[in-house]
Amino acid sequence: MKEQKNEKKKLKVSIKKMVGYEWIVKNIGFFLFVATLTIVYIANGHWADKAIRDISKTSSQIKDLQFEYKTLKSELMFQTRESELVKAVEARGLKISETPPIHIQLEKKRK
């Protein structure tokens, strides 16, 4: 029992000696390195979170624009149908001609 207590005391004393002022001064460079790595690690986490938020925002904007494009395209296709064009120009007094168009063919000039 006494031997165990002596060993524990020696261990405590040696740890105190090992983690003393001199040891801290000797390893200040290592502590600064670890602190720098910690700061870089935290900054990297924040940067990654921001990038993920930006990607998500851009993705939702792309989906919204795709829906808007498809809606406008279908509206345009509907409005450019012949029946819809006739309705649109009727108010201006225009109507479909009863006679078919005449095709004019030019003669090729010979040299």
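Keep in mind that what you see is a predicted model, and the values were worked out from it rather than measured.

**Some details on the overall build of the chain**
At step 1: Per the secondary structure count, the chain includes four helices and zero strands.
At step 2: In the chain, the succession of α and β elements from N to C terminus is α-α-α-α.
At step 3: Taking all 111 residues of the chain together, the buried fraction comes to 2%.
At step 4: When the accessible surface of the chain is totalled, it reaches about 12000 Å², and 63% of it is carbon and sulfur.

**Looking at the pattern of salt bridges**
Side-chain pairs of opposite charge can arise whenever the charged atoms involved come near each other.
At step 1: A complete count under the given rule lists one salt bridge for this structure.
At step 2: Measuring nitrogen to oxygen at the nearest pair gives 3.6 Å for the salt bridge that ties Glu84 to Lys87. Note that Glu84 and Lys87 are positioned in helix α4 (residues 82-90) at a spacing of three residues, about one turn of the helix.
At step 3: We classify Lys87 as exposed; its relative accessible area is 55%.

**Observations regarding the confidence of the model for the chain**
Low-pLDDT stretches of the model should not have their predicted coordinates read in fine detail.
At step 1: Per-residue confidence for the chain gives a mean pLDDT of 87; residues scoring 70 or more make up 83%.
At step 2: The element-level mean pLDDT for the chain is lowest in helix α1 (residues 2-18), coming to 65, with helix α3 (residues 28-79) highest at 97.

**What to know about a nonpolar patch on the surface**
At step 1: Taken together, the side chains of Val19, Trp23, Ile24, Ile28, Phe30, Phe31, Leu32, Phe33, Val34 and Leu37 define a hydrophobic patch exposed on the protein surface, amounting to about 920 Å² of accessible area.
At step 2: Listing elements by their share of the nonpolar patch, those giving two or more residues are α2 (21-26) and α3.
At step 3: For the nonpolar patch, the element with the highest residue contribution is α3, accounting for seven residues.
At step 4: Tracing the backbone through its elements, the reader meets Ile24 in helix α2.
At step 5: Given a relative accessible area of 37%, Ile24 falls into the partly exposed group.

The rules behind each value
Residues numbered from 1 in each chain as written. Predicted model: local features only at pLDDT ≥ 70, side-chain atom pairs only at ≥ 80, totals over all residues. Heavy atoms only, no water. Helix = DSSP H or I, 4+ residues; strand = E, 2+ residues; numbered from the N terminus. Buried < 20%, exposed > 50% of the residue type's maximum accessible area, 1.4 Å probe, protein only. Areas by Shrake-Rupley, 256 points an atom, 1.4 Å probe, with all protein chains shown as cover. Salt bridge = Lys/Arg side-chain N within 4 Å of Asp/Glu carboxyl O. pLDDT = per-residue confidence, 0-100. Patch = residues over 30% accessible without salt bridge, like charges linked within 9 Å, V, L, I, M, F, W, Y side chains within 5 Å.

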